[in-house]
Each structure stands twice: as C-alpha cells, then as structure tokens.
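So the chains spell out like this:
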Amino acid sequence: MIQVKPGAVPASSESFYAALSEIGQLLVRSLEPSILYEAVIEVLERRIGARLVMVGELDRGNGWLHRIAPARPPAESVDIYPDRIPFSMARPPFWNGQPQVEADIRRTPGLEMFRQAYVRHGVVAAVAVPVLKFGEVCAALVIRASHAGFFSSSMVEFLQQAASSIGLGMEAHEQRARLLQSVKEEARQRRALRLLSEMIKLVTHSVDEQTLLAEACRVARRTGGYSVAWIGLLGTGAEAGLQLCAQEGLGDAIGSILRRDWVADAAVDAGDAVAMALSRGEAHVGSPSPANDETPAMSGVATLLALPLRVDEAIVGVFVVGAATPDAFGPVEVQVFSEMAVELGLGIQVQRSHVARLLAEQELRFNLQHFRTILSKQHAGILVLSKDRRVKFANEAFCALFGLDETPAELEGRPAEVMYAQVMQAYRDPEQEWNRIQQILAADEPITGDEVAMKDGRIFLRDFTPIRVDGLLQGRLWHQRDITEQKMHEARVERLAFYDVVTGLPNRRLLFELLEQARTRATKPHSLLAVGVLDLDRFKSVNDSVGHGGGDRVLAEASARVLGMLREDDVLARFGGDEFALVIPGLDSREQLDVISRCILQALRLPFNLLGEQLYLSASIGWTLFPLDESDAEGLVRHADLAMYAAKEDGKDRGALYEPAMELEQLRLQAMRERIAQALVQSRLRLLFQPIVYIDGLPGPQGVAGMEALLRLQDDELGLIEPANFMHVLDDPQLARPIGRYVLDEALRQCQSWMQFGISIPVSINISTRHLLHPAFFSDIDAVLEAYPGVMDVGFGIEVTETGPSMDHARAKAVIEECRRRGIRVGLDDFGTGSASLSHIQQLDIEHIKLDQSFVRNILGDDRNMAIAAGVITTARMLAKTVIAEGVETAAQGDLLASLGCHQLQGFSISRPMPAEAIPAWVANWVPPDSWSQLVNERQSLLTDQ
C-alpha cells in the first residue's frame, strides 16, 4: 500500500525513471521473490515518497491474495497490512493484466473488515496492479492513497512497469530454479554413466573374480560417492546362504556369512531389499534391515539398492549399494546399476570361464587330439608334413586359403609333391614360388614373414618351421595367413601420411617434397615458379550454417574447381582448414600469373549448391615467384602466406604478390608483441578511465553511469601508446590472458579505492575474445573478486567486441550467460561494425550495446549515420537493451543523441580518458549540459502524447 499526504506533489518522471532503473538493477541480482518484493518496496519508498507498500501473491486454490511483503509490518500499521484479500474483489479486466482502480474504497463491498483501518489511516482510493509471470497473473501490487487524484495516468503506467519488472524477476527466479534442477539431474546422470563406464572397464580388464568384485565395490562407493557397497554370493551344500565376498564401507568386523535364510527361493519380507532382490530376481530399493549377529550394521545408511547377479541366467548373488539420503536411488540410478549388475554378472561368468579354460589348456598340452582340435580352429592355414614327406595334418583354414575341394582328413597321407602341385596353381608366379620353396627346403632353417603374391590379388605371409626332436628332423610345418586386409590398411595409412582425407589433395608434408623438387627443376632462363597460398574468405560461416560435413563437401568441390584450372604438372595441396597451397612451374611472366589468379578466383565465386541451397564464397590468394624470390621451400610458402594476408586486409576476394615490405610489417607486428610482453614483466602497462554518463542524469555521482578502463602502453620516448598500435597483440594466444588478468586486477583495484572516497561507480573492462573463451576465464574472475570483494556491491561489467562471438558462438553464448548469472554486466562493443549485429542482440544475453563511434562521428552531417543510430537506439529500447554512444566529441552530437532517446554517452565532449586518481574530483564536479534535460523532457512528452 502507498499512503500519500493530502496535497503532496506527484512524483516526477525523473523519479519514475530512477525507480525503474533501480528495480532493473535488482532484477540483475537475481533475488528470491520475497527479497525482491522487500527491495522493490524500499525503492518505492525512497524514490517516489511512499510510506506504506504491500505486495501479495495469489493462492488460486483458496481464492486469496496473501501478503508476502512486508513480512513484518510496523506495529502501528498492522491493521492496514491485511494478511489476505479475497479474489472476489478483482474484476475480469484484472485477470487480463489491467490495473483495477477503486475511487472510493471505503464503500467497496467485501472489505468491510478493513474499513476502520482505512478511516484511521486516511485511505480513500486504491488500485490493484496485476503482476504477470509467463503471461498469467500470479501476484498483485495493491496501492492505496488518501485521495483518488493520486492515481494519475502516469502513476498507473509507472506502477504497471514496476509490476512488470516484478514479474520478470519472478520468471527469472523460476527459470533459474528449473535450470538448477536440470543441472542436478544431469549431474546424477553423468555420475551414473561414469559408474557404468568404470564397471565395463573392470569387467574388461580384471585379472580374476575376487579382484573384479572388490574393485566393483570400490567403484560404487568412491566413484559414485555412496556410503557402503558389498557383494554377496550364494553358497551350496554346507555353505548355503549368502556369503560376503567383497565390501567397501562395512568395516573389518563383518563375518563371512551374512544370513543363512538369504537364498534365492525362500519366502521373504517385502521390506528386506536384499531378500526381495534374491527372491524376485530384480532390483529393489528399501531400508536396511536391523543389525543382528548375521546382518552387518550400516550406520548412516538411509536406503539400500539391491541387485541380483546372474551367471548363465541363474541368480548367484546380490550387489548391494547403500546411500545416506532417502532419495539417492531414482529411476536413472536403478537403471544404470541394473546394467552394472548385468555387466558384473558377465564379468563373473567371463572370469569363471577363464579359469575353466586354463584348466582345459593344461590338459590339452598332454593330449594330441586336443592339440589337433585347436589347430583345426585356427584362422591361419597350417600344413604339417612328416619326415617321410607326407601330409600329417592340415586344417580347414589351409583348404579355404588355397581353394581346395578336399577336406583336411582327405589330405592326410598325401605325398608332399602332390600337395605342392595342388597349391602351386594359386600363386601369381608358380615357377618363381616353386623355386623359392625348393630353396627353403634345401636350407631347412626357420623362415618367418615370407610374403607371397596370389593369383587373385591376395597376399599371404608364409612361415616355415622344421620340426626337430632331440636334434633329429621329424617333419616340417608351413604356416600361412591372409594379410591382404592388413596390406590394404598399411597402404591407406601411408596415403593418409601424404594426402588429405577430405579432398584427396597432397598434404603439407608432401607439398614441401613436391615444392623442393619443383625448385630443383626450375633452371630454365626466364622461367618462373609460382608458389601460392589460397584461403577461402569467411569459411567459418559455412561450417556454422551447414555443419562440418557440409563444409567438407564445399572444400572438396572448391579443390576440384581449382584443379580444373591447373595443368598436369601444377600442384594443389591442402594445408588444413580452408587453406590451400599451389605450385605452378614454367611461367613466362607475372602477367601470366595474374591471368591464372583471376581465373581461380572467378571459379570460386560461382555458387556452391548444397542441400538445395546456394552458397557464395570468395577467396584470397598470395603469390611469390621463384627465382625472383630466392627463398627455400618454407620461405616461399611463408612469403606467399604473408601476401595472402595482405590480400585479405585489402578487402578479400583478390590476389596479391609478395613484396619485402610485407615481411617488414610482419617484423614490426612481432616487435610490438615483444614490447607488450616486456611491458607486462616490467609493469609498463597503464589504465586510463573515461566516464560514461546518463543522458538524462543529474550532476555529480548520480549522473555518472560508470567508468570504462582503457589500456595504454607506457613508452619512455613516446609517452602513452594507444591500443590501435598493438590491437593485434590483445588476441595473441600467449598474451591475451596475461593482459586480461592485468586489466581485471588493476581496474577492480581502482574501483575499490574510489569506494574509499565515497565514489560508488561501476567500472567496465574490455575483454579480448581469446581471454573470454579461455577455459580459465572464470578462475581469473573469481581471483580478482576474492581480492576486491567490495566491487560487486557497486557492480562491474565486461565488454566484448562485436566480432568476438563469431569465433565460437556457442562457447561465447555460454560464457556470457554465466557472467549474467554471476551478476556481471555484459556489453557488446563496436556495435554495427560486424556482420551479425542484429543476431547477436537477439541471441546473446547482453545488457547494453555500444554504438560504434564511426556512426557518431558524422551523425550531424550524414543522414545515413543518423538513420542507423536512430534504428539501433529504437531496436535496443524494444529489446530492453541500454545504448551507449561512444565517440561523442561535440555538444551538438550529444544533443542529437539525447533527442533520439539514447541512454548514455561517452566521448571527449564529456571527458578525455584520465588517470584513476583524477576520477573522484571529476565525478564531484560533473554537470551535464542544460540542453540534455530539455531534450529528454521534450521526447518524453512526445512519447506520452503518442
């Protein structure tokens, strides 16, 4: 409720705006609804002079509006703060989101019980403003006044906006709660799947059954985080009952026999999870049984999950996991643990089978028949000849390899010469192979890895072993296996080493070999060897729109188009990504190279048809000519690469020829990088701060929206060097994060120091794209906030360049959303200079945008710039985004931006960047131009009329 004294002056529009701004800042802090209500009440009391405010939530089940805030009204005003108000007081328009105004509340039916309180407090009129959450009325802001005229149209409109803000806060709180629940469920699923993965690893790698059982308990308890885990197996005969075989968390004083009545076919108590699992053969969740002489005591365990273990479909035991919380085993955990129990049963089966197999193999060593059985099942072809040169043994694989119609039994006893004559027909060169066999037999020494080419294209690997007993020759063994697939695989691996998988072109490794050969051959007078580097322009947008599979198809077609323009001796190679290299020998002149370059570029401009759509691309090519450029192979490619980047800087979709000045520029950039690296070590980086002011603000601190931290390089001779001279270093892979950490630490340190002077002004920091997307970005944020905890009371923000999110949109979106959840403001800098401005406003959770100074600089003399600025400001307002115009250098520019409805200004006409120590004095003396307030009032009147 709001009570206003008779004759009180209505609140001004500035008060309304200030109140809405503070309520908006409350929403950014993501408060609980009850805390948000109390905070909104405090803002209304302070900003528009209200003394009594009430917010209530609707209980649709009981038909009442229950007061939520204030939670504890003053003792002298308890009667004017009813605990509840009936729904019947609300008219139909209220449920459609319209305020309900009562001009004479003392005579409103249904509120007779409060009439005495209304008279005592002088309440005459009232309005109920609905609060909508997700389009449905869920609460109400009930306002009462001492005279009906208090509820002017502007006051009602303001209260609607305040109620709308409360609704947004409630929506954000509910969405955050849903997200936290989703994260919790996802964490449970990840833990369950990790448990299943670990169990599969155990089953695969455990050396014996006992180790498998023990490790399974360890994984369940330590990886899953459960209180206890144990495995019991059913005994037979005198050892009937469930025997404890492995455990984690039960302690050392547990006996080996758990309970003799725990068997698979006994009558059981429905509350006994272990007995139910054994009896019914399915997973069961229950409470632990009371401890006794045979049942292990499990202190701190609230619930058990028991799962039967099966081997060959028979229940052989139980896997039990205990947790400290009653809700630890939901459907996800039960399903995953059931699969773990299946895997564990298979593991037990495998281990027992393994033990049985070992015993069988020990017997097979002494049994020739078993030996023959094993050889018969081999995939390799085996032929054993006796000392009298007859077939002693052949297996089925041998017959299959050589295409013999006889069975192994039919071959036994056949003379070796007959056998050789049969298999000889399968060789590609029978005469050569016969001579080779004669050489092997004559030497009678072991031979391994003898490759044999077959008539049908297969390749065999042949081994020969003389069989000797006590030094005497008893026979010969031929071992042959088909390695055709292996050889094909080796050929594929070898091709992968030299050729690109996607395009089939030579890769970087093969390119340099071919280039070196071309340099050696380029000896003719007046003959030039052209080396080029080609890069597709904006190819990342192709991957973003059609996926990497579609991007690969585009790369394959692009390479085919370029190949179609080249001669047989020319080379096209793929470096990786969307970058290609060209080697073109035998050119007569630079003009000939220009023709080739233009033809290639034109071929790539033609549309690419993909999935029924047409994609348009272009390319940039850099060239260098040998022997005019006498560099080695790596130097030629590097020079062509420099020329390619020069072509991109000149506007893309063109070619460029290498010039030595390009390398000098590269050296200059590298030198600047080294200067910045040294400046970090030598503390020669500086921060200046430039104010950002409200365009409809007040003098002094109230009119200052914040300070932007601007980086400078301190040079002994040149003074402070601006970032335009070292912009390329700010996104350097090695320096981006150290520079960003310095700026964060210094900016927040200065912000906290201003607070000691009574200056509570937020600071904004420019974050490079590489630092924003770095995995340790939030570790850096947490570190500086821990060092300067007071800054979050004022708030601080980060600004990312408008082209930054295009590098990795999904990652940038996730980082920005996490910043907003932490209460960090996020803005989009240089807005309007990139290629995806509007999509970034739509898709990214940003608070404000900075209108690039290129639009502000000529806004007075260029109608196009003014139209763009007006469009940006209007769009931002409709999307509830703040617009900051940077580069305001004259008062006239500021006046025009004020008339367009811009929110905040920054530029030389307000203040040049200044050292941190000058900020308190500047803030105290800040006085906005008189023209701003007049222009803002005129615009507000125009909006009101409309």
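Please refer to the structure higher up on the page.
Heads up: these notes are all about the structure in this document.

Reading guide: rules and limits
Residues numbered from 1 in each chain as written. Predicted model: local features only at pLDDT ≥ 70, side-chain atom pairs only at ≥ 80, totals over all residues. Heavy atoms only, no water. Helix = DSSP H or I, 4+ residues; strand = E, 2+ residues; numbered from the N terminus. Areas by Shrake-Rupley, 256 points an atom, 1.4 Å probe, with all protein chains shown as cover. Buried < 20%, exposed > 50% of the residue type's maximum accessible area, 1.4 Å probe, protein only. Phe/Tyr/Trp six-rings, centres within 6.5 Å; stacked < 30°, edge-to-face > 60°. Lys NZ or Arg CZ within 6 Å of the ring centre and 35° of its normal. Salt bridge = Lys/Arg side-chain N within 4 Å of Asp/Glu carboxyl O. Pairing = 2+ DSSP bridges. Axes fitted to C-alpha atoms, helices over the stretch in contact; angles between N-to-C directions. Contact = heavy atoms within 4.5 Å. Parallel < 35°, antiparallel > 145°, perpendicular 65-115°, else oblique. Nonpolar A, V, L, I, M, F, W, Y, C, P; charged D, E, K, R; others polar. 1 Å grid on protein atoms, 1.4 Å probe; cavity = no way out; pocket = protein on both sides within 12 Å on 5 of 7 lines; lining within 4 Å. Points joined across faces, edges and corners; volume = space filled by probe spheres on them. Core = buried A, V, L, I, M, F, W, Y, C linked by side-chain atoms within 4.5 Å.

In terms of helices and strands, the chain carries 30 helices and 33 strands. On the chain, roughly 47,200 Å² of surface is accessible, and the fraction owed to carbon and sulfur atoms is 52%.

Working note: α-helix, 3.6 residues per turn, so residues spaced by three or four point in the same direction. Among all positions in helix α28 (residues 891-900), only Gln893, Gly894, Leu896, Leu897, Ala898 and Leu900 are buried. Just downstream of α28 lies Gly901, where phi reads positive at about 95°.

Scanning the model with the defined rule gives 15 aromatic pairs in all. With a centroid separation of 5.4 Å and an interplanar angle of 15°, the aromatic rings of Tyr226 and Phe329 are classed as stacked. Of this pair, Tyr226 sits in the loop between α6 (209-223) and β7 (228-235) while Phe329 sits in the loop between β12 (314-323) and α8 (331-364), and the two are 103 residues apart along the sequence. On the accessibility criterion, Tyr226 (6% relative accessible area) is buried. The buried category is assigned to Phe329, whose relative accessible area is 10%. Relative to Phe402, the ring of Phe398 has its centre 5.1 Å away and its plane inclined at 45°; by these criteria the two rings are tilted. In this pair, Phe398 and Phe402 both sit in helix α10 (residues 396-402), 4 residues apart, roughly one turn of the helix. Residue Phe398 is classed as buried on the basis of its relative accessible area, which comes to 1%. Taken together, Tyr226, Phe319, Phe329 and Phe337 form an aromatic cluster joined through their ring pairs. One residue, Arg508, lies across the ring of Phe575, its end atom 4.4 Å from the ring centre. A cation over a ring is seen here: Arg561 above Phe608, with NZ or CZ 3.8 Å from the ring centre.

Let's shift gears to the pattern of salt bridges. It is possible for side chains of opposite charge to pair when their charged atoms get near one another. Evaluated as defined, the whole model comprises 42 salt bridges. The closest approach of N and O atoms between Arg218 and Glu215, which form a salt bridge, is 2.8 Å. Of this pair, Arg218 and Glu215 both sit in helix α6, separated by 3 residues, roughly a single helical turn. Since its relative accessible area comes to 27%, Arg218 is described here as partly exposed. Classification of Glu215 by relative accessible area gives partly exposed; the value is 25%.

Before going further, it helps to spend a moment on the sheet that holds strand β6 (residues 136-145). Strand order in this open sheet of 6 strands is β3-β2-β1-β6-β5-β4, and the pairing throughout is antiparallel. Of all strands in the sheet, those bounded by a partner on one side alone are β3 (84-86) and β4 (100-102). In this sheet, adjacent strand axes meet at a mean angle of 25° when their direction is disregarded. Two strands pair when backbone bridges link them, and β4 and strand β5 (residues 125-133) are joined in this way by 3 bridges, in the antiparallel orientation. Looking at the pairing, Gln100 lines up with Ala128 of β5. Set on the sheet, helix α2 (residues 33-47) makes contact with β1 (54-59), β2 (64-69) and β6; between it and β2 the angle comes to about 70°.

It is worth spelling out the packing of helix α18 (residues 633-649) against helix α19 (residues 660-682) at this point. Contact geometry of α18 with α19 gives a least axis separation of 10 Å together with a crossing angle of 85°. Between α18 and α19, the interaxial angle falls into the category roughly perpendicular. Here α18 contributes Arg638, His639, Leu642, Ala643 and Ala646 to the contact with α19, which in turn contributes Met662, Glu663 and Gln666. Per-class residue counts for the contact of α18 with α19 are 4 nonpolar, 2 polar and 2 charged.

Note the cis peptide between Ala69 and Pro70, where omega equals 0°. Residue placement: Pro70 occurs in the loop between β2 and β3. The amide bond that connects Phe626 to the next residue, Pro627, takes the cis arrangement and shows omega of 15°. In the Ramachandran plot, Asp653 falls in the positive-phi region, its phi being about 55° despite a non-glycine side chain.

The next thing to look at is the pairing of β5. Among the 9 residues of β5, 7 are classified as buried, and the element is accordingly described as predominantly covered. Inspection of the sheet shows β5 paired to β6 by 9 bridges, in the antiparallel sense. By the bridge assignment for β6, Val129 is matched with Leu141. Counting the residues that bridge the hairpin from β5 to β6 gives 2 residues, and of these Phe134 lies at a positive phi of roughly 55°.

A separate point is empty space enclosed by the protein. Within this structure, the stated rule accounts for 3 cavities of 30 Å³ or more. Taken as a whole, the largest cavity spans an internal volume of roughly 270 Å³. Lining of the largest cavity is provided by 20 residues; of these, Ile85, Met89, Ala90, Ala128 and Val142 occupy positions nearest its centre. Its residues placed into classes, the lining of the largest cavity shows 16 nonpolar, 2 polar and 2 charged. In this structure, the second largest cavity encloses a volume near 70 Å³. Around the second largest cavity, the lining residues are Leu383, Phe398, Phe402, Met419, Tyr420, Val423, Tyr427, Ile437, Arg462, Trp478 and Gln480. Sorting the residues of the lining of the second largest cavity by element identifies α10, α12 (416-424) and β17 (472-482) as the ones contributing at least two each. Looking at which element gives the most residues to the lining of the second largest cavity, the answer is α12, with 3 residues. When its residues are assigned to classes, the lining of the second largest cavity shows 9 nonpolar, 1 polar and 1 charged.

What follows concerns the nonpolar core. One finds Phe796, Leu897 and Leu905 to be the most contacted residues of the largest nonpolar core, which totals 78 residues. For Leu905, the residues in contact, after removing those within four places along its chain, are Pro691, Ile692, Val693, Ile695, Ala885, Val888, Gly894, Leu897, Ile910 and Trp932.

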